[in-house]
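Okay, here's what each chain looks like letter by letter:
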Amino acid sequence: MIRRLLHEIFPALWLISAAIIGHANLRLVTNCSDYVMVVSSESMEPALYRGDLIFLWNREEQVHAGDIPVVWFDGRELPMVHRAIEVHHEIDTNCTHAILTKGDNNLFDDVVLYPVGRNHVYREEVKGSVRGYVPFIGHLILFVKSWIVL
Amino acid sequence: MHSALVRVQNVFGFFTTVAFTVATLIALSTFINPQAPSASIKLRNVQVVRGRPHYYSYKKEEYAHIKFDLDTDLFELFNWNTKQVFLYIKAVYPATKPGLPPSEAIIWDAILPASSAPWHQNHYIHPSPKKSSSAKKTKKAAKQAAESPYPRGILHLENQRPKYQITDISGKLQNRTDVQLELGWNVQPWVGALVWTNWREYGVWQGLKGGKSETFEFPAIGAGKKLDTEKGKEGHRLMAGGEVPVGGDKKG
């Protein structure tokens, strides 16, 4: 009896563990703890619309102007996905380089969105850069998220 | 085995598999499209001024206003999987301390849409060549002004004002040497990998020819004449459902 039960649930367990191991491997390969994200704001239109799925890569040490880094400040609930418009290496603090970002759909740069007193993002606060994307699919996830909140 | 639910599951599973395969093929097809981009950038004028260039500048700092000429032929960057090309020019200048990588600051950018992309207010509209600016205010002339006079990816800009006035994190920019203007692009596909400027050859993709200006220096601080910047067409959005800037809701 028990053997039959195990025999039946084994494929499901196998699938779940394969997914978990695949997820852990992808985290290692991309060097990001969140390597897939859904775009939830319109600030990068028309490149990235709300509901697009973006894939991140964090093995490139230096961020260049023109890249799309995902910036996540400590204590913030959500990250920002904007374009790096300035990169400076000569800084007083211990971080490697400082980055200024701006959304393609915003008139001004992002300093108003940074924590008080900060004019730049440090490389350590960049969780990865956008390297690939699939349009529209994220709408499903956003819908499920809003449904769960309700 | 033949219940409605099972049938729906099978159809949905098949749809997902097909969609995934088609998306992968489209994404990979980008890399077999031959391209040979070329561009030339020339510096027209550079001024360094001391003032408050940003809305958040609480103290005076040195900022640079750089005007340039740009000629590009990026027509081949647009293949069937291209949604838009984000084109930008960045000023690259070395650090004062040896051993550090150079600083980069974007002075101008443009969003070039593919013909298959839906209209967006941020799309770049190439200014009309000066010869035809005889101000005929007919409907046809207005319509022509709304469309680029050149094919997509081909730009001819003269004495172009920058969109952004750049500062250094140290607040000092004057008398920096070995500054260079560099063209860059970010091709946004319909699906798949985003690609940036390739300077080297990869298979059928030729590297960018030209695309860098001669080196120049930031002059000493001057009085600053005609420092208008090119106004971008970007809207202003706060992140929907997300962060509000510290200090409350700010709009515009």
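Treat the numbers as computed from the prediction; the structure is a model and nothing was measured. (Residues numbered from 1 in each chain as written. Chains lettered and ligands numbered in written order. Predicted model: local features only at pLDDT ≥ 70, side-chain atom pairs only at ≥ 80, totals over all residues. Heavy atoms only, no water.)

## Quick notes on the pairing of strand E7 (residues 180-189) of chain B
Residue and element names in this part refer to chain B. With 9 of 10 residues buried, E7 lies mostly within the body of the structure. Here 10 bridges tie strand E3 (residues 82-93) to E7, and the two strands are oriented antiparallel to one another. Paired with Ala91 across the two strands is Leu181, which belongs to E7. (Buried < 20%, exposed > 50% of the residue type's maximum accessible area, 1.4 Å probe, protein only. Helix = DSSP H or I, 4+ residues; strand = E, 2+ residues; numbered from the N terminus. Pairing = 2+ DSSP bridges.)

## Here we look at a positive patch on the surface
Residue and element names in this part refer to chain B. Where like charges cluster on the molecular surface, the positive patch consists of Arg50, Arg52, Lys59, Lys60 and Lys172. By the element assignment, Lys172 lies in the loop between strand E6 (166-167) and E7. The exposed category is assigned to Lys172, whose relative accessible area is 55%. (Patch = residues over 30% accessible without salt bridge, like charges linked within 9 Å, V, L, I, M, F, W, Y side chains within 5 Å. Areas by Shrake-Rupley, 256 points an atom, 1.4 Å probe, with all protein chains shown as cover. Salt bridge = Lys/Arg side-chain N within 4 Å of Asp/Glu carboxyl O. Lys, Arg positive; Asp, Glu negative; His and termini not counted. Charge placed at Lys NZ, Arg CZ, Asp CG, Glu CD.)

## Remarks on the side chain of Thr82 of chain B
Residue and element names in this part refer to chain B. Position of Thr82 relative to the elements: it lies in strand E3. Overall, the relative accessible area of 1% leaves Thr82 in the buried class. Looking at Thr82, its side chain comes within polar contact range of the main-chain nitrogen of Asn79, at 3.0 Å. Setting aside its immediate chain neighbours within four residues, Thr82 contacts Leu77, Ala114, Ser116, Val187, Gln188, Pro189 and Trp190. (Polar contact = N/O pair within 3.5 Å; in protein donor to acceptor, adjacent residues only side chain to side chain. Contact = heavy atoms within 4.5 Å.)

## Remarks on the side chain of Glu90 of chain A
With respect to the helices, strands and loops of the structure, Glu90 of chain A is situated in the loop between strand E5 (83-88) and strand E6 (98-102). Residue Glu90 of chain A is classed as buried on the basis of its relative accessible area, which comes to 16%. A distance of 2.3 Å separates polar atoms of two side chains, one belonging to Glu90 of chain A and the other to Thr96 of chain B. One polar contact links the side chain of Glu90 of chain A to the main-chain amide nitrogen of Lys97 of chain B, over a distance of 3.4 Å. Glu90 of chain A has contacts with Ala95, Thr96, Lys97, Leu100, Ile169 and Arg176 of chain B, leaving out every residue within four places of it along the chain.

## Considering the packing of aromatic side chains
Residue and element names in this part refer to chain A. The tally for this structure, following the rule as stated, stands at 9 aromatic pairs over all chains. Each ring, one from Phe73 and one from Tyr114, has its centre 5.5 Å from the other, and the planes form 65 degrees; the classification is edge-to-face. Remark: Tyr114 occurs in the loop between E6 and strand E7 (121-122) and Phe73 occurs in the loop between strand E3 (69-71) and strand E4 (80-81); sequence separation between them is 41 residues. Pair check on accessibility: Phe73 and Tyr114 agree, each one buried. (Phe/Tyr/Trp six-rings, centres within 6.5 Å; stacked < 30°, edge-to-face > 60°.)

## Let's talk about the domain arrangement of chain B
All names here are of chain B. For chain B, the domain assignment lists domain 1 (1-32) and domain 2 (34-246). Counting residues at the interface gives 7 residues for domain 1, matched by 10 residues for domain 2. When the two sides are added together, the surface that domain 1 and domain 2 hide from each other amounts to roughly 720 Å², 68% of it contributed by carbon and sulfur. Its largest share of buried area at the contact with domain 2, domain 1 owes to Ile26, Thr30 and Phe31, together 63% of the area lost on that side. Run the count over domain 1 and domain 2 and you get 0 salt bridges. Summed over the shared surface of domain 1 and domain 2, the number is 3 residue pairs in polar contact (both at pLDDT 80 or more). Partitioned by chemical class, the residues of the side of domain 1 that touches domain 2 number 5 nonpolar, 2 polar and no charged. (Domains from an automatic or database assignment. Buried area = accessible area lost by both parts, 1.4 Å probe. Nonpolar A, V, L, I, M, F, W, Y, C, P; charged D, E, K, R; others polar.)

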